[in-house]
Amino acid sequence: MKAKTLLKVAGQSIVKNKMRTLLTMLGIIIGVAAVNVMVAIGSGAQRQIERQIQALGTNMLVITPGSAMQGGVSQGAQTFNRLTIEDAEMLRSQSFLLSAVSPVVMTRAQVIGGAGNWRTSIMGVDVDYQQIRDWPVQDGVFFEENDVRAMRKVVVLGATVAENLFPNGDAVGQQIRIRDVPVQVIGVLAPKGQTANGGDQDDVILAPYTTVQTRLSGRVFIPQILANTSSPEDIPAAQEEIRSILRTSHRLAPNEPDDFTLRNQNEIAQAAQGTTQVMTMLLAAIASISLVVGGIGIMNIMLVSVTERTREIGLRLALGARGRDVLTQFLVESVVMSVVGGLLGLALGVVASGAIAHVTGWSAALSPAMVAIALGFSGAVGVFFGYDPARRAAALDPIQALRYE
Amino acid sequence: MTAAESATMSSVIEARGLTKVYRMGKNEVHALRGVDLFVERGEMVAIMGASGSGKSTLMNILGCLDRPTSGTYVLDGKRVDGLSKDELADIRNRKLGFVFQGFHLLPRTSALENVELPLLYDRSGRKLDTRALAAAALERVGLGQRMDHDPSELSGGQQQRVAIARALVTQPSVLLADEPTGNLDSRTSVEIMALFQELNDDGVTILLVTHEPDIAAYAKRIVELRDGRIIRDEPVHDRQDAAADLRAFQGAETAGVA
């Protein structure tokens, strides 16, 4: 039988049994759509996280206290804090590669002023912090070197805090009280949005670290030092430099491990991306199950269809069809149905992921690879699940098939 | 004169010593116990017999749907009793036309497409205008006006005409009709028999299986089977003219109305 005739026969059979065809294709349509939507959501989330990590700042390095060993027993990270303001000062004065360094001191406190009160985190930082985090002010000014040195009681509000305390937008120049310490608001930061973990980065008050240490928290050791380099290529060398400066500062013997942890932004980004990649794969795997279920649906309907069409098969055999003709006809029907189902599923997937992108504000892009995989897979489903029913049809005895009621 | 002696060069069916044994568990069922049958070109033969007489088995073997356990079968000059399944499929396609009791038309498929069907399985490699051939076959059975109709839009008689057109479209050597009037009322049966007689007059060889003597009376020759053997093989002496019977039907109806 010629290929054209074959397609015609299969096509007629598909078009003339619309209900059966639709039911058969439904599983594949839903399966392919689900896979595409899941992957689109996954990659959208991934891109979102990438953007958020970029928003952390550029070429950033994060130094946190490391693990301490007490008699050979590791106490885990950040158990023994030996990072001090002196470390930050030393990095600033001795490093050639770092373009900005800022210690970060954190405390949480109740803030009273303006429209009411608000509990938020107070971060004591240096002037460089603004550059490292790439965080402009939308109103007023950031504090200066003098403010830090003089421990002035000035603060810059994060957008969320400003909004809650001063809904009218007149925060700059006002007095607020942090733990009963009156401070002056000199600026409001531009909104930065959520972190990768969903925390609000704008729910914060920035103040000179000297002010926070002396007047608010009183701690000597600091939980974090941020630094950055002027170009990404400098990061590996800068890390070595930081390590050697801090080891000297902490007087560590050569055989002792680092008592601090050094991470760069790429590592943070990779960790976050790894997580979302796993999530994406998980979503795709779950969606693939629906494709397999769709395939079984096709097989089911094809098997029923062989029984239902026994007389037709008998007739075709009587009229001179060979077993192979019947086999190919059923196989072509099954493949055409699953590929058409795949295309419809793809269209549905595009619409659905577009809708989700619209609602969430993510870019839920459809990847060409995914399109190819979905279509290839649905074709394979057609062959795989269509073969057995087709073989059964081809093996029918024409006499029995003609008599079948 | 025995049947074997009557075989001539113009025989389209030459079957000698056909037997068929079915195994059902431990039992052997002898459906055919040595059948000789010779059919010449242009004949119209009715095969009769009660159920279990072996007439269906004989029809299946003559129709190349089944193979005899022993015996030889030459169809249109070609020995076919030992052919493979695929070769038999080709023989069915080229040399045989089937008409069934239950019409066996594809649903939701126009008359024209139904008639085209056997041409789709043509493996001779020749270029066929399937549409034109199917249209001509439908014209020939008097359905030129209803080519685009689905089977569900046609009466039983019309459906059987479509099936006959489908059997004719490949210009087969033999037209095999298995109880072609079994699902039709008596008047439509006569109509269909009139069509068969007309086709036979045009030279189509027809083999007809029926258990109704009235229908067999339209054939030229009757072969009767019992218990897997031919017990009667004789020409029909007072052959009925279906066209004349049809006119009688019409006359009766007109009279009834009047």
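Fair warning: this is a prediction, and the values are worked out from it, not measured in the lab. (Residues numbered from 1 in each chain as written. Chains lettered and ligands numbered in written order. Predicted model: local features only at pLDDT ≥ 70, side-chain atom pairs only at ≥ 80, totals over all residues.)

### Quick notes on the overall build of chain B
Looking only at helices and strands, one finds eight helices and 10 strands in chain B. Within chain B, counting contacts between residues at least 6 apart in sequence, those at least 24 apart form 68% of the total. (Helix = DSSP H or I, 4+ residues; strand = E, 2+ residues; numbered from the N terminus. Contact = placed C-beta atoms within 7 Å.)

### Overview of the overall build of chain A
On a plain count of helices and strands, chain A comes out with 13 helices and 12 strands. Across the 405 residues in chain A, those meeting the buried criterion constitute 40%. (Buried ≥ 20, exposed ≤ 12 C-beta atoms within 10 Å, placed from the backbone.)

### Some words on helix 1 (residues 55–62) of chain B
Residue and element names in this part refer to chain B. Counting buried positions along helix 1 yields eight of eight residues, so the element is predominantly enclosed. Among the residues making up helix 1, those that are buried are K55, S56, T57, L58, M59, N60, I61 and L62. After helix 1 finishes, the residue C64 shows a positive phi value of roughly 60°.

### Things to note about the sheet that holds strand 9 (residues 221–226) of chain B
All names here are of chain B. Spatially, six strands are ordered 6-7-8-3-9-10 in an open sheet, and the strand pairing comes out mixed. Edge strands, defined here as strands with exactly one partner in the open sheet, are strand 6 (96–99) and strand 10 (229–235). Put simply, the sheet's adjacent strands are angled 20° from each other on average, direction ignored. Bridge count for strand 6 against strand 7 (residues 174–178) is four bridges, and the pairing is parallel. What sits directly across from L96, in strand 7, is V174. (Pairing = 2+ DSSP bridges. Axes fitted to C-alpha atoms, helices over the stretch in contact; angles between N-to-C directions.)

### Here's the deal with the nonpolar core
If you look at the biggest cluster of nonpolar residues, it comprises 124 residues, and the most contacted ones within it are I47, V115, L138 and A165 of chain B. The leading source of residues in this core is helix 2 (residues 18–56) of chain A, at 13 residues. Among the nonpolar cores identified, the runner-up in size contains 52 residues, and V148, V183, L189 and L246 of chain A belong to it. (Core = buried A, V, L, I, M, F, W, Y, C linked by C-beta atoms within 7 Å.)

### A look at the interface of chain A and chain B
Each side of the interface is counted separately: chain A has 19 residues, and chain B has 19 residues. Secondary-structure elements contributing two or more residues to the side of chain A that touches chain B are helix 1 (3–15), helix 10 (310–318), helix 11 (323–360) and helix 13 (398–403) of chain A. Looking at the side of chain A that touches chain B, its residues break down into 10 nonpolar, four polar and five charged. (Nonpolar A, V, L, I, M, F, W, Y, C, P; charged D, E, K, R; others polar.)

### Side note on the packing of helix 11 of chain A against helix 12 (residues 368–394) of chain A
Residue and element names in this part refer to chain A. Packing of helix 11 against helix 12 leaves a shortest axis separation of 7 Å and a crossing angle of 150°. When the interaxial angle is binned, helix 11 and helix 12 end up roughly antiparallel. The handedness of the crossing between helix 11 and helix 12 comes out as right-handed. Taken together, the residues that form the contact of helix 11 with helix 12 break down as 19 nonpolar, 10 polar and two charged. (Parallel < 35°, antiparallel > 145°, perpendicular 65-115°, else oblique. Left-handed = near helix turned anticlockwise from the far one by under 90°.)

### Concerning the sheet that holds strand 1 (residues 11–24) of chain B
Residues and elements named next belong to chain B. Spatial ordering of the open sheet is given by 2-1-4-5, a layout of four strands whose pairing is antiparallel. Each having just a single partner strand, strand 2 (27–40) and strand 5 (78–79) make up the two edges of the open sheet. Inspection of the sheet shows strand 1 paired to strand 4 (residues 70–75) by five bridges, in the antiparallel sense. By the bridge assignment, A15 is partnered in strand 4 with Y73.

### Focus: the environment of D241 of chain B
All names here are of chain B. Looking at the secondary structure, you find D241 in the loop between strand 10 and helix 8 (242–257). Overall, the presence of 13 C-beta atoms within 10 Å leaves D241 in the partly exposed class. Distance from D241 to A194, taken between C-alpha atoms, is 7.4 Å for residues 47 residues apart in sequence.

### Some words on the packing of helix 5 (residues 156–168) of chain B against helix 6 (residues 186–201) of chain B
Residues and elements named next belong to chain B. Where helix 5 meets helix 6, the axes come as close as 10 Å, and the angle between the chain directions of the two elements is 20°. The orientation of helix 5 relative to helix 6 falls into the category roughly parallel. Regarding helix 5 and helix 6, the two cross each other, and that crossing is right-handed. Along the contact surface, helix 5 presents G156, G157, Q160, R161 and I164, while helix 6 presents T188, E191, I192 and L195. Looking at side-chain class alone, the contact of helix 5 with helix 6 contains three nonpolar, four polar and two charged residues.

### Considering the confidence of the model for chain B
All names here are of chain B. For chain B, the mean per-residue pLDDT works out to 90, and 95% of the residues sit at or above 70. Within the model, pLDDT remains below 50 along residues 1–7, and this stretch shows nine contacts once partners closer than five positions in the same chain are excluded. Across the assembled chains, the prediction reports ipTM 0.91 with pTM 0.69. (pLDDT = per-residue confidence, 0-100.)

### Here we look at the pairing of strand 4 of chain B
Residue and element names in this part refer to chain B. Relative to strand 5, strand 4 is paired through two bridges, and the arrangement is antiparallel. Bridging from a neighbouring strand, L75 pairs with K78 of strand 5. Between strand 4 and the antiparallel strand that follows it, strand 5, lie two residues; D76 among them carries a positive phi value of about 55°.

### Considerations on unusual backbone geometry
A positive phi angle is found at D134 of chain A, which is not glycine, with a value near 55°. Mapped onto the secondary structure, D134 of chain A falls in the loop between helix 4 (128–133) and strand 6 (137–140). Since 15 C-beta atoms lie within 10 Å of it, D134 of chain A is described here as partly exposed. Unusually for a residue other than glycine, F103 of chain B sits at a positive phi of about 65°.

### A few points about the environment of L396 of chain A
All names here are of chain A. Position of L396 among the secondary structure elements: in the loop between helix 12 and helix 13. On the neighbour-count criterion, L396 (20 C-beta atoms within 10 Å) is buried. For L396 and G314, which are 82 residues apart along the polypeptide, the C-alpha to C-alpha distance reads 7.4 Å. Each residue touching L396, except ones within four places of it in the same chain, is listed here: T310, I313, G314, L317 and A401.

### Here we look at the pairing of strand 8 (residues 175–178) of chain A
Residue and element names in this part refer to chain A. In strand 8, alternate side chains face the same way, and those of I176 and I178 are buried while those of Q175 and R177 on the opposite face are not. Relative to strand 8, strand 4 (residues 98–113) runs antiparallel, the two being bridged by two bridges. Its bridge partner being in strand 8, V111 is matched across the sheet by I178. Judged from the four bridges that link them, strand 8 and strand 9 (residues 181–189) form a sheet pairing that is antiparallel. When the sheet's bridge partners are listed, I176 is paired in strand 9 with V183. The antiparallel pairing of strand 8 with strand 9 creates a hairpin that spans two residues between the two strands, and R179 there sits at a positive phi of about 45°.

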